Amino acid sequence: MLIDGQGRRVNYLRVSVTERCNFRCQYCMPEKPFSWVPQENLLSFEELFLFIKVVIDEGVDKIRLTGGEPLLREDLDKFIAMIHDYKPDIDLAITTNGFLLAEAAHKLKIAGLKRLNISLDSLKPDIAAKIAGKDVLYRVLAGIEEALEIGLNVKLNMVPLKGINENEILDILEYAREKQIKIRFIEYMENTHANNTIEGMHGREILVKIKERYTIHALGREGASPSFNYRIEENGYEFGLIDPHKHDFCENCNRIRLTAEGHLIPCLYFDEAMSIAQAVKEKDINKASSILAQVLRDKPKENRWSEEELDSREQSKRAFYQTGG
Ligand code: SAM
Ligand code: SF4
């Protein structure tokens, strides 16, 4: 069993399979980075899998593939099948922007995928294009339809931004409710890679928008999930709020992150990371395990988004497109 330096059980690994992306989201990668990690520095699926087996054997029972855009990585279905075949009951999910999903969904399902989170920030084509940097909406909606049609379990993620999509919180909530899928509203997490003119909405501001139409009841956090859940009194629909600016957010953190080039990252906020690349290339399981132990020992108590006076201190330098969110 994996226990971190703060006594929290870690049972969840997020793997960013590529930093590349076909979107240029304002809050993540508004411009193409000056340089990408060279292709030869990426770990192969076999190398990533070697580490995945180590953590599964240590009790990790939830794995999410993310990016960048994970569907851009060739043979993602084969990677999913490798993990699924090793432990068929693992909670295996991906997070995707949905643009390539309509074509890929069936293959992913056959490989063993059961769940996906799809980012949906707007139902208006021009606003979706403003956020993602290109015309994306209809392909994303087609991806959601296809995933639902073939029986994949879908959740939606929306990042509300002031003056951009803030007036669509209720529309997107209704869209999700009609389709009977869960939506989680994610507070924008400030970072140096984002467009510095955007401003996120605080969790309480998101709730104010929802309360304009509904009475809501707080249900609390679901186990170690970062999502704080609410139920709408009028129709029973439940939605989530991911609020990393709140002080209790990190208390039950159960996850570590692995990047496509093998950096093992203990916290989404901080720069600290250790590389397992050499260990897995040399197939040195002991070395990979000892790096894992050190990362767990040093996992921070909490992020710094939760601190007051965000403006007066340095922002997180971690790129969401590298860590996978
Ligand atoms: N490309 C995929 C996608 O967009 O769903 C997966 C990678 S993306 C980094 C994972 C999640 O992080 C998405 O739901 C995205 O909205 C979220 N995200 C990215 N940058 C963020 C930020 N600065 N604050 C809050 N959420 C962010
Ligand atoms: Fe790409 Fe996802 Fe980042 Fe948007 S949030 S730029 S889709 S990695």
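Our subject is the structure listed above.
Residues numbered from 1 in each chain as written. Chains lettered and ligands numbered in written order. Predicted model: local features only at pLDDT ≥ 70, side-chain atom pairs only at ≥ 80, totals over all residues. Heavy atoms only, no water.

A. View of the site of ligand 1. Close contacts around ligand 1 come from 20 residues, with Y27, G68, S119, N157 and M189 the closest. Note that a nitrogen atom of ligand 1 is positioned 2.9 Å from one of the backbone N or O atoms of Y27. Contacts to ligand 1 include N191, whose side-chain N or O atom sits 3.2 Å from a nitrogen atom. With the chains in place, 95% of the 540 Å² that ligand 1 exposes on its own is no longer accessible. Tallied by class, residues from the shell around ligand 1 come to seven nonpolar, 11 polar and two charged. (Near = heavy atom within 4 Å. Polar contact = N/O pair within 3.5 Å; in protein donor to acceptor, adjacent residues only side chain to side chain. Areas by Shrake-Rupley, 256 points an atom, 1.4 Å probe, with all protein chains shown as cover. Nonpolar A, V, L, I, M, F, W, Y, C, P; charged D, E, K, R; others polar.)

B. Seen up close, helix 1 (residues 45-57). With 13 residues, helix 1 should cover 18 Å at 1.5 Å per step; its first-to-last C-alpha distance of 18 Å lies within 8% of that length. Of all 13 residues that make up helix 1, 10 are buried, and the element is covered over most of its length. Within helix 1 the residues assigned to the buried category are F45, E47, L48, F49, L50, F51, I52, V54, V55 and I56. One or two positions beyond helix 1, positive phi appears at G59, with a value near 105 degrees. (Helix = DSSP H or I, 4+ residues; strand = E, 2+ residues; numbered from the N terminus. Expected span 1.5 Å × (residues − 1). Buried < 20%, exposed > 50% of the residue type's maximum accessible area, 1.4 Å probe, protein only.)

C. Spatial organisation of the environment of V136. Within the secondary structure layout, V136 lies in the loop between helix 4 (125-132) and helix 5 (137-149). Residues V136 and E212, spaced 76 residues apart in sequence, show a C-alpha to C-alpha distance of 29 Å. Dropping the residues within four chain positions of it, V136 is found in contact with F23, F99 and A128. (Contact = heavy atoms within 4.5 Å.)

D. The packing of helix 6 (residues 169-178) against helix 7 (residues 203-211), seen in detail. Their axes nearest at 9 Å, the elements helix 6 and helix 7 cross at an angle of 70 degrees. Judged by the angle between their axes, helix 6 and helix 7 are roughly perpendicular. In contact with I169, L170 and L173 of helix 6, helix 7 contributes I206, K209 and I210. (Axes fitted to C-alpha atoms, helices over the stretch in contact; angles between N-to-C directions. Parallel < 35°, antiparallel > 145°, perpendicular 65-115°, else oblique.)

E. Local environment of the nonpolar core. Formed by 109 residues in total, the largest nonpolar core has its most connected members in I63 and F239. If sequence neighbours within four positions are ignored, F239 has contacts with L173, K182, I183, F185, L207, I210, I216, F228, N229, Y230 and I232. (Core = buried A, V, L, I, M, F, W, Y, C linked by side-chain atoms within 4.5 Å.)

F. Focus on the environment of I169. Looking at the secondary structure, you find I169 in helix 6. Separated by 69 residues in sequence, I169 and E238 have C-alpha atoms that sit 14 Å apart. Ignoring anything within four residues of it in the chain, the contact list for I169 reads M158, P160, F185, M201, I206, K209 and I210.

G. Seen up close, the packing of aromatic side chains. Scanning the model with the defined rule gives seven aromatic pairs in all. On the basis of an interplanar angle of 10 degrees and a centroid distance of 4.3 Å, the ring pair of F45 and F79 is categorised as stacked. Of the two residues, F45 sits in helix 1 while F79 sits in helix 2 (residues 76-86), which places them 34 residues apart along the sequence. Comparing F45 with F79 shows no difference in burial state: the two are buried. Ring geometry for Y230 versus F239: centroids 5.5 Å apart, planes at 15 degrees, classification stacked. Taking the relative accessible area as the measure of exposure, F239 reaches 0% and is therefore buried. Members of the aromatic cluster, joined through ring pairs, are F185, F228, Y230 and F239. Its guanidinium or amino end placed over the ring of Y12, K62 lies 4.4 Å from that ring's centre, counting from NZ or CZ. K246 extends its terminal NZ or CZ atom over the ring of F228, reaching a point 5.3 Å from the ring centre. (Phe/Tyr/Trp six-rings, centres within 6.5 Å; stacked < 30°, edge-to-face > 60°. Lys NZ or Arg CZ within 6 Å of the ring centre and 35° of its normal.)

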